[in-house]
Amino acid sequence: MIVYGIATETSIGRLFLAGALPGLLLVSLFMAWAIFDTWRRGAGDVLTPTVYSWGQKFSSLFRVIPFLLIILGVLFALYGGVATPSETAAVGALLVLVFAVVIYRLWRFRDLWTVLRDSTKESVMILLIIAASGLFSHMLSSLFITQTVASWIADLDVNRWVLMGAINLFLLVAGFFLPPVAVILMSAPVLLPIVLAVGFDPYWFAVILTINMEIGLITPPVGLNLYVINGIAPDIRLQTILRGSLPFVGCMVLAIVILCAFPEIATWLPVAVMGPVVQ
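Residues numbered from 1 in each chain as written. Predicted model: local features only at pLDDT ≥ 70, side-chain atom pairs only at ≥ 80, totals over all residues. Heavy atoms only, no water.

(A) The packing of aromatic side chains, seen in detail. A complete count under the given rule lists nine aromatic pairs for this structure. An angle of 40° between the planes, with centres 5.9 Å apart, marks the rings of Phe36 and Trp39 as tilted. Highlighted residues: Phe36 and Trp39, both in helix α2 (residues 12–40), separated by three residues, approximately one helical turn. What makes Phe36 partly exposed here is its relative accessible area of 39%. Judged by centre distance (6.3 Å) and plane angle (90°), the ring pair of Trp161 and Trp204 falls under edge-to-face. (Phe/Tyr/Trp six-rings, centres within 6.5 Å; stacked < 30°, edge-to-face > 60°. Helix = DSSP H or I, 4+ residues; strand = E, 2+ residues; numbered from the N terminus. Buried < 20%, exposed > 50% of the residue type's maximum accessible area, 1.4 Å probe, protein only.)

(B) Just the packing of helix α7 (residues 160–177) against helix α8 (residues 180–197), in detail. Two elements in contact, α7 and α8, have axes separated by 12 Å at closest approach and are oriented at 180°. Here α8 runs roughly antiparallel to α7, going by the angle between their axes. Contacts from Leu163, Met164, Ile167, Phe170, Leu171, Ala174 and Gly175 of α7 reach α8 at Val183, Ser187, Leu191, Ile194 and Val195. Its residues assigned to classes, the contact of α7 with α8 shows ten nonpolar, two polar and no charged. (Axes fitted to C-alpha atoms, helices over the stretch in contact; angles between N-to-C directions. Parallel < 35°, antiparallel > 145°, perpendicular 65-115°, else oblique. Contact = heavy atoms within 4.5 Å. Nonpolar A, V, L, I, M, F, W, Y, C, P; charged D, E, K, R; others polar.)

(C) Layout of the environment of Arg117. You can see Arg117 is positioned in helix α5 (residues 109–142). Relative accessible area serves as the criterion here: at 40%, Arg117 is assigned to the partly exposed category. Separated by 94 residues in the primary sequence, Arg117 and Ile211 have C-alpha atoms spaced 33 Å apart.

(D) Summary view of a nonpolar patch on the surface. The grouping of Ile2, Ile6, Phe16, Val64, Leu68, Ile71, Leu75, Leu78 and Tyr79 at the surface amounts to a nonpolar patch, some 820 Å² of accessible area in total. Elements supplying a minimum of two residues to the nonpolar patch: α1 (2–8) and α3 (54–79). Take the nonpolar patch: its biggest share by element is six residues, from α3. Mapped onto the elements, Ile6 comes out in helix α1. (Patch = residues over 30% accessible without salt bridge, like charges linked within 9 Å, V, L, I, M, F, W, Y side chains within 5 Å. Areas by Shrake-Rupley, 256 points an atom, 1.4 Å probe, with all protein chains shown as cover. Salt bridge = Lys/Arg side-chain N within 4 Å of Asp/Glu carboxyl O.)

If you want it as structure tokens, here you go:
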């Protein structure tokens, strides 16, 4: 959302608000699939409500509080003007280290070294994938392939929904091969004037674009999130992780369809909170 806002000169605050209700929509679709799939596999007993005592509830709460404090600390550093986005990442890492030492008693250097070693291996894996994607996107940008395809879509003389379908297909395929930031920076400035010209809301389009980028993160050949999960759980085969992610791709495609049918899901909250956009 931040990259889109910078590339298109739209309000980042409105973009975040536009993504709130669609985010809840996606969560609801994911939950619905998870419940249905659990029931379909004959594990319905897992869905049976369990009664917990207040002691058990508070015990669970205390285990969650440190993670919430880390999130709040990172958000405070970012939005409170304490640190830049890059520095905020270091703030988050420092908070995690402090909680690991204080709460989980990782005093010994050997224990800390194991954590640092494993996290470094996963970070290097992710950075290598990002570096390769960046090199690929630089090549496509230098050859004007992405910009040419985006311009060709913009020149189509068709119904606006057919045009939006072509844009979605382009974003989906681009997300298969390129990192989200590269796709947004190369295509959003070209596509947004066309989207506005045919009467679509720029903040609604930002949500559609973002969901397409998220689909690209869990689909091959790049599929960055697939490799992240495989790095965290190396005993699970990458093919198994891919098959497990496909239903959620379907949920995101369904969310795009719902947002096309009911764009107010994305446009209502920014107007309600910040008022209509002044032209």
